[in-house]
Amino acid sequence: MKKLILTIALMLPMLAQGISLKTIQTGWKTKVINDVPTSGLAIMLERFDMTWSTAAVGDVCQVMQMGVSKIVLDDDDGYTVEVDAKNGFVESYNAGSDRQYMQACVWRRSNGHRLFAVVIGQPVDPEIEIICFYDYNPKKQTLTPEPNAIGDWLARTERGDYSFRLPQEGKELLIFDNLEQIKHHFQWDGMRPVFDHSEQINNT
């Protein structure tokens, strides 16, 4: 097992960077992803990556196939993938390198569907963080884009100085306005995250 982990860890930095986040930010809203056989996070993330390939999501998909809950892929920058299968959440992060990072989660909808969300970001070339929402239809086995899942907030966040935090525990979505230093809270209403309130971020 250790040899397998080491082999994959060595392979990951060599993977292609994939599609630019700017391209995904523009294109994901109009492209339905077909042939998604189950509502499992791993399958949905894999199908997303097959459609919109990125280094960050590609790395996480490989780790999820290994069935581990946490692995450090690079000791130099602390590049880590954590998988919380119980709560339908996964993320990758590092301690300050130029690598891409990501989060993904799944909410159960009151109509029997799922709402799948993916956040992908990078600190340079350009500095950008995007969020994509999809409705999973179990009968059609499709992921259909939902650009209005959080109302007009998606258009606001595309100005480039927002970041996102998907829920690992609970169902609350957080959006951070990094320019104005404001945190926006969105509460789950059974179908989507709905704006609840905002608060000033205190960095002192």
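My aim in this report is to walk through the structure given alongside it, one point at a time. Residues take numbers from 1 onward in each chain, read along the sequence in its written order. Restriction of local features to residues with pLDDT of at least 70 applies here, the model being predicted, together with a cutoff of 80 or more for giving and counting side-chain atom pairs; totals for whole chains, interfaces and linings are based on all residues. No hydrogens and no water enter the side-chain calculation; it runs on all heavy atoms of the structure.

1. Description of the overall build of the chain
1) Next: Each helix corresponds to a stretch of at least 4 residues labelled H or I by DSSP, and each strand to a stretch of at least 2 residues labelled E; elements are numbered beginning at the N terminus. A tally of helices and strands in the chain yields 5 helices and 11 strands.
2) Next: Just to be clear, the radius of gyration here is over C-alpha atoms, and the globule rule we use is 2.2 Å times residues to the power 0.38. Against the 2.2 N^0.38 benchmark of 17 Å for 204 residues, the chain shows a C-alpha radius of gyration of 17 Å, consistent with a compact globule.
3) Next: Judged by the C-alpha coordinates and their principal axes, the chain covers about 50 × 45 × 30 Å.
4) Next: Burial classes follow relative accessibility: with a 1.4 Å probe on protein chains only, a residue under 20% of its type's maximum area counts as buried, one over 50% as exposed, and anything between as partly exposed. Out of the 204 residues belonging to the chain, those deemed buried represent 48%.
5) Next: Put simply, the chain shows about 10400 Å² of open surface, and 51% of that area lies on carbon and sulfur atoms. Here the accessible surface of atoms and residues is derived via Shrake-Rupley with a 1.4 Å probe, and residues count as covered only by protein chains that are part of the display.

2. With respect to the side chain of Gln100
1) Next: Among the secondary structure elements, Gln100 is positioned in the loop between strand E3 (89–93) and strand E4 (101–108).
2) Next: A 3.5 Å cut-off defines polar contacts: any pair of N or O atoms within that distance qualifies, except that in protein one atom must be a possible hydrogen donor and the other a possible acceptor, and neighbouring residues in sequence count only when both atoms are side-chain atoms. In this structure the side chain of Gln100 is engaged in a polar contact, spanning 3.4 Å, whose partner is the backbone nitrogen of Ala55.
3) Next: In this structure the side chain of Gln100 is engaged in a polar contact, spanning 3.2 Å, whose partner is the backbone nitrogen of Ala56.

3. Observations concerning helix H3 (residues 41–51)
1) Next: Listed as buried for H3 are Leu41, Met44, Leu45, Arg47, Phe48 and Asp49.
2) Next: Contacts are residue-level and defined by heavy atoms, with any inter-residue pair within 4.5 Å sufficient. Contact partners of the buried residues in H3: helix H4 (55–66), E3, E4, strand E5 (114–122), strand E6 (128–137) and strand E7 (142–145).

4. Considerations on the sheet that holds E7
1) Next: One requirement defines pairing of two strands: DSSP has to find at least two bridges between them. With antiparallel pairing, the 7 strands of this open sheet are ordered in space as E1-E2-E3-E4-E5-E6-E7. Across the chains shown, the open sheet's two edge strands, defined by having one partner strand only, are strand E1 (70–74) and E7. Adjacent strand axes in the sheet meet at a mean angle of 20 degrees when their direction is disregarded.
2) Next: When E5 meets E6, the two strands line up antiparallel, connected through 9 bridges. Bridge assignment links Ala117 to a residue of E6, and that residue is Phe133.
3) Next: Axis definition: a line fitted to C-alpha atoms, limited for helices to the stretch in contact. Angles are taken between N-to-C directions and run from 0 to 180 degrees. In the packing of H3 onto the sheet, the strands contacted are E3, E4, E5, E6 and E7, and the crossing angle to E5 comes to about 55 degrees.
4) Next: H4 rests against E1, strand E2 (79–84), E3, E4 and E5 of the sheet, and its axis sits at about 55 degrees to E2.

5. Observations concerning the environment of Val118
1) Next: Inspection of the secondary structure puts Val118 in strand E5.
2) Next: Val118 gets classed as buried once you look at its relative accessible area, which sits at 0%.
3) Next: Separated by 31 residues in the primary sequence, Val118 and Ala149 have C-alpha atoms spaced 13 Å apart.
4) Next: Look past the residues within four positions of Val118 in its chain and what remains in contact with it is Leu45, Phe48, Val57, Gln103, Ala104, Ile130, Ile131 and Cys132.

6. Things to note about H4
1) Next: When the terminal C-alpha atoms of H4 are compared, their 17 Å separation across 12 residues agrees well with the 16 Å that a helix rising 1.5 Å per residue should span.
2) Next: Among the residues making up H4, those that are buried are Ala55, Ala56, Val57, Gly58, Asp59, Val60, Cys61, Val63, Met64 and Met66.
3) Next: Of the residues trailing H4, Gly67 is marked for its positive phi of about 75 degrees. Here the expected length of a helix is defined as 1.5 Å per residue gap, with one fewer gap than residues.

7. Overview of the packing of H3 against H4
1) Next: One can describe the packing of H3 onto H4 by two numbers: an axis separation of 10 Å at closest approach and a directional angle of 145 degrees. In the packing of H3 onto H4, the handedness of the crossing is left-handed. Facing Leu41, Ala42, Leu45, Glu46, Phe48 and Asp49 of H3, the residues of H4 in contact are Val57, Gly58, Val60, Cys61, Met64 and Gln65.
2) Next: Basically, the charged four are Asp, Glu, Lys and Arg, the nonpolar ten are Ala, Val, Leu, Ile, Met, Phe, Trp, Tyr, Cys and Pro, and anything else, Gly included, counts as polar. A breakdown of the residues in the contact of H3 with H4 according to their chemical character gives 8 nonpolar, 2 polar and 2 charged. Take the far helix as your reference; a near helix turned counterclockwise from it by less than a right angle gives a left-handed crossing, and one turned clockwise gives a right-handed crossing.

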